[in-house]
2 protein chains.
Amino acid sequence: MNQKPKLSSVRYDVSLPISGQRISAVYRVEASSAEIQKRAEDICVEQTIEFPAELVTSGDIREHILGRIEGIELVREGTYQVVISYAVEIIAGELTQLLNVVYGNISIKSGIRLERLDAPDKFWNTFKGPRFGVAGLRRYYHVPDRPLLATALKPLGLGVEALSELAYQYALGGIDIIKDDHGITDQSFAPFKERVTACGEAVQKANKQTGARSVYVPSITAPADQIFERARFAKKAGAGGVMIVPGLVGFDTMRCLADDDSIGLPVFSHPSWLGCFAVNPDHGIAPGALLSQFVRISGADVTIFPHAGGRRFSMNLDDCKDIKQECAETMGHFRSIFPAPGGGMSLERIPEMKQLYGNDVIFLIGGDLHRRSPDLVSNCRAFRDIVEKIS
Amino acid sequence: MNQKPKLSSVRYDVSLPISGQRISAVYRVEASSAEIQKRAEDICVEQTIEFPAELVTSGDIREHILGRIEGIELVREGTYQVVISYAVEIIAGELTQLLNVVYGNISIKSGIRLERLDAPDKFWNTFKGPRFGVAGLRRYYHVPDRPLLATALKPLGLGVEALSELAYQYALGGIDIIKDDHGITDQSFAPFKERVTACGEAVQKANKQTGARSVYVPSITAPADQIFERARFAKKAGAGGVMIVPGLVGFDTMRCLADDDSIGLPVFSHPSWLGCFAVNPDHGIAPGALLSQFVRISGADVTIFPHAGGRRFSMNLDDCKDIKQECAETMGHFRSIFPAPGGGMSLERIPEMKQLYGNDVIFLIGGDLHRRSPDLVSNCRAFRDIVEKIS
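Peer 1: Whenever I open this one, the environment of A:Ile18 confuses me. Can you help?
Peer 2: Residue and element names in this part refer to chain A. Assignment of secondary structure puts Ile 18 in the segment before strand 1 (22-30). Considered as a pair, Ile 18 and Arg 349 are 331 residues apart in the sequence and their alpha carbons are 51 Å apart. Setting aside residues no more than four positions away along its own chain, Ile 18 makes contact with His 64, Ile 65 and Glu 89.

Peer 1: Is there a simple way to explain the packing of aromatic side chains in this structure?
Peer 2: Remark: the centre distance and the inter-plane angle together describe each pair of aromatic rings, the angle taken between the planes. Using the criterion set out here, one finds 23 aromatic pairs over all chains in the structure. Ring centres of A:Phe132 and A:Tyr140 lie 4.8 Å apart, and the angle between their planes is 55°; this geometry places the pair in the tilted category. Grouped by ring-pair contacts, the aromatic residues A:Phe251, A:Trp273, A:Phe277, A:Phe294, B:Phe251, B:Trp273, B:Phe277 and B:Phe294 constitute a single cluster. For the cation-ring pair, B:Arg230 lies above B:Phe192, with the distance from its terminal atom to the ring centre recorded as 5.3 Å.

Peer 1: Which parts of the structure should I look at to understand the pairing of strand 3 (residues 79-87) of chain B?
Peer 2: Burial runs high along strand 3 of chain B: 8 of the 9 residues are buried. Linking strand 2 (residues 68-76) of chain B to strand 3 of chain B, which pair antiparallel, is a turn of 2 residues; within it B:Gly78 sits at a positive phi near 90°.

Peer 1: Please explain the layout of surface pockets as it appears in this structure.
Peer 2: Over the atoms, a rolling probe the size of a water molecule traces out where space has been left empty. Considering only enclosed or pocket space, the largest pocket measures out at about 1100 Å³ in volume. Along the wall of the largest pocket there are 49 residues; nearest its centre are A:Arg312, A:Arg371, B:Asp42, B:Val45 and B:Glu46. Among the elements of the structure, strand 11 (302-306) and helix 15 (368-371) of chain A together with helix 1 (36-46) and strand 2 of chain B are those that each provide at least two residues to the lining of the largest pocket. Among the elements that take part in the lining of the largest pocket, helix 1 of chain B stands out by supplying 7 residues, more than any other. A per-class count over the lining of the largest pocket returns 17 nonpolar, 14 polar and 18 charged. There is about 900 Å³ of room inside the second largest pocket. If you go around the second largest pocket, you meet 33 residues; those closest to its centre are A:Lys38, A:Asp42, A:Val45, B:Arg312 and B:Arg371. Among the elements of the structure, helix 1 (36-46), helix 2 (60-65) and strand 2 (68-76) of chain A together with helix 15 (368-371) of chain B are those that each provide at least two residues to the lining of the second largest pocket.

Peer 1: Can you walk me through the confidence of the model for chain A in this structure?
Peer 2: Low-pLDDT portions of the prediction should not be read for the details of their coordinates. For chain A, the mean per-residue pLDDT works out to 95, and 98% of the residues sit at or above 70. Both scores are given for the predicted complex: the pTM is 0.97, the ipTM 0.97.

Peer 1: Any chance you could explain the sheet that holds strand 11 of chain A here in plain terms?
Peer 2: Sheet strands associate in pairs through backbone hydrogen bonding, adopting either a parallel or an antiparallel arrangement. Residue and element names in this part refer to chain A. What the 4 strands build is an open sheet, ordered 8-9-11-12; its pairing is parallel. Edge positions in the sheet fall to strand 8 (242-244) and strand 12 (338-342), since each of these pairs with one other strand and no more. Taken pair by pair, the neighbouring strands of this sheet meet at an average axis angle of 25°, ignoring direction. Bridge analysis of strand 9 (residues 267-269) against strand 11 gives 2 bridges, and the strand direction is parallel. Bridge pairing in strand 11 links Ser 269 to Thr 303. Each of strand 11 and strand 12 is contacted by helix 13 (residues 317-328), which is oriented at about 175° to strand 11, the strand it contacts most.

Peer 1: What is the right way to read the sheet that holds strand 7 (residues 215-217) of chain B from this model?
Peer 2: All names here are of chain B. The sheet built from 4 strands is open, its strands ordered 7-6-5-13 with parallel pairing. Of all the strands in the sheet, the pair left with one neighbour each is strand 7 and strand 13 (362-364). Sheet twist, expressed as the average angle between the axes of neighbouring strands with direction ignored, equals 25°. In this structure, strand 5 (residues 148-153) lies alongside strand 6 (residues 177-180), joined through 4 bridges in parallel fashion. Directly across from Leu 153, in strand 6, lies its bridge partner Asp 180.

Peer 1: Help me understand empty space enclosed by the protein, please; the structure alone is not making it clear to me.
Peer 2: Throughout the structure, instances matching the rule amount to 8 cavities of 30 Å³ or more. Of the volumes computed, that of the largest cavity is approximately 220 Å³. A:Glu50, B:His270, B:Arg312, B:Gly343 and B:Leu364 are the residues nearest the centre of the largest cavity, which is lined by 21 residues in total. For the lining of the largest cavity, the element with the most residues is strand 11 (residues 302-306) of chain B, which contributes 3 residues. Grouping the amino acids of the lining of the largest cavity by side-chain chemistry returns 9 nonpolar, 7 polar and 5 charged. If you go around the second largest cavity, you meet 16 residues; those closest to its centre are A:Gly247, A:Trp273, B:Pro246, B:Gly247 and B:Trp273. Sorting the residues of the lining of the second largest cavity by element identifies helix 9 (246-249) of chain A together with helix 9 (246-249) of chain B as the ones contributing at least two each. Sorting elements by how many residues they give to the lining of the second largest cavity places helix 9 of chain A first, with 3 residues. Here the lining of the second largest cavity is built from residues that sort into 12 nonpolar, 4 polar and no charged.

Criteria and thresholds
Residue numbers run consecutively from 1 along every chain, following the written order of its sequence. Both sets of labels track the order of writing: A upward for chains, 1 upward for ligands. Per-residue local features are limited, in this predicted model, to residues with pLDDT of at least 70; the limit for side-chain atom pairs, both in listing and counting, is 80 or more; totals at the level of whole chains, interfaces and linings are taken over all residues. Side-chain descriptors were evaluated using all non-hydrogen atoms of the structure, hydrogens and water having been removed beforehand. What counts as a helix is a DSSP run of H or I of at least four residues, what counts as a strand is a run of E of at least two, and both are numbered from the N terminus. In what follows, a contact means two residues having at least one pair of non-hydrogen atoms within 4.5 Å. Stacked, tilted and edge-to-face pairs are distinguished by plane angle, under 30 degrees for stacked and over 60 for edge-to-face with tilted covering the rest, among Phe, Tyr and Trp rings (Trp via its six-membered ring) whose centres lie within 6.5 Å. To sit over a ring, a charge needs its Lys NZ or Arg CZ within 6 Å of the ring centre and within 35 degrees of the ring normal. Any residue under 20% of the maximum accessible area for its type is buried, any over 50% is exposed, and the rest in between are partly exposed; the area is computed with a 1.4 Å probe on protein chains only. Paired strands, as defined in this entry, are two strands with at least two bridges between them according to DSSP. Put plainly, a pocket is an open set of points on a 1 Å grid over the protein atoms alone with protein on both sides within 12 Å along at least five of seven lines, a cavity is a set where a 1.4 Å probe fits but cannot get out, and a lining residue has an atom within 4 Å of a point. Grid points are joined across faces, edges and corners, and a volume is the space filled by probe spheres set on the points. Polarity classes work like this: nonpolar for Ala, Val, Leu, Ile, Met, Phe, Trp, Tyr, Cys and Pro, charged for Asp, Glu, Lys and Arg, and polar for all others, with Gly in that last group. Confidence scores here are pLDDT values: one per residue, from the predictor, ranging 0 to 100. Helix axes are fitted to C-alpha atoms over the stretch in contact, other axes to C-alpha atoms as well, and angles between N-to-C directions run from 0 to 180 degrees.

And the structure:
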């Protein structure tokens, strides 16, 4: 009983099979010049060993597992850019653990913002990334070069008949992508299966009349045990993609969805719930990292976000430029993805948005199509005319 | 071709089957006295219909689906408490949609903090809630009334043998709950299955020597398609619970895990990744709502969080009081759950923590057990002595 083990039986100076490959996270850290080294070291510990560093004085845990400071640069008085690298072995090929290592525990601190991730191509190969990307989606949707038009079925509360009638009119008016509003799930007044069937059929009916190829993209954010069932139903019903909220279901669930060959549909990422990361300039995750890099790693083909100046949201123009940039930045084998700026945009904003985003963009206009006149089809055609004129 | 439909075919003044039952979200909103009414109305629209409210002038969408302002009270100059209610029908019985309605899109705004949820008991019945709760966990772990002791296996980088040796020594020293550090997942140097088997056996071995009933709680945060497999493996290996990060896998995945009768283990919720919601006093979700209410709705029995003043994290004492309060607050049929304050705590802090949390608490002490002396078993016994003395 109570046989006392020697503590020396647990040694911290272990040797590990380590490739030497590392990923880098670029942080912006608030600190005085006297504090910054210590703050950077603290991130290295917190995100990896979470253990008194003074007890791990040698060996591969010290040399490789502990985060490593690669650089500290003054950005402006009180703010530094800090680059910290992590051994790829601690990620274990898991997206959940990647997120955890680059921003898990430090999310509960303050004054640390993750700006960007960098990794060797070989590391990015761990994840399949977007199945379609910009080029693939253009082929799939038969829109070779102009910006794409999207809108949302709403308001919440409409029944299946009304929503499918809206879908029909949107498609008649020349909207390429007709998606559910993200709050429309499986409410009793518009149950998922009936809605997806009816809206899909309505868009097909319009396509037959116009000769165009509009698509319907249902929202499949759902309880964890129903997401894939809904995705498969959407696929069978002829949906042209699925929209999901990674903030609510987890980025890795979106990855599984994108990777699933039995579904194989374009994936639209919606930013609901993720705002707290992105809207605080001092702490959180820069929009380009959160809504482009993480979304690409997770395999989505489209990242929806609120464009600056829409009165409804707090994103600014620099945030939007950052998102656009990271949608197309070289990042291993990952395909470029579409930015889909929306969030209270009006047709008047399109020329300005076109200037920022270029042609590889999906313009998402919702309420404004209803406000302009009682003739929804005409309003959609006006949207289409503006886009065709400027592209 | 191009047969033009009448817009009147889509009517917004619909009648809906609505029970009249509503849930309430209490927000703290930054606004001037001139702005507050408009800001509150904006939340009502944004979280429900996301549609020009002026186009929905009558009918049940206007009356019931649209969020409803139940009260606006001045907290202090520039800050108001705003209570908004939502029809239970828009939640559709989905936890994902509950989160989406109470804080989805407004997360991308600023100056809006969700403080608390209130709902009729009948609504809470939608979700099963914690399987064990405080009383159930005390029975399961055979600890009738004192605070429970917990610690973490770390640092990341140790192999299976070293981690299981640590588990053995912790158990010999009288720690009730020995959990993985949340960054230990399935790394090549300590693969999940080997680690869980070995650590489980090590704790059993110590239990046989001491006659006590320590438990091992592995971390099962993992890619979405591996979580349940890991949980089932943990169950078979005799684990005394599982720990998961709802921020990374989604709250609803934690709910599915807790609800799964084929697993049926206590669930420990870890706060990694969720900090951005909780650390900004002006925007986000109050710790009591995020780390207690949402965690209870999601079925966890224990909520881990950093206690105030640990130098590692930004939670303050009011946050901790809020968490403690909401762990035990009456909330429909949901069982009370254990707060598990940790995050760089030392043995010296225990009496003060005991004052705040009382006996229904799990003290989580990690690194400090290694710092005190080279004799880990003695250090654990000192922890146990302190707890037994004050309870």
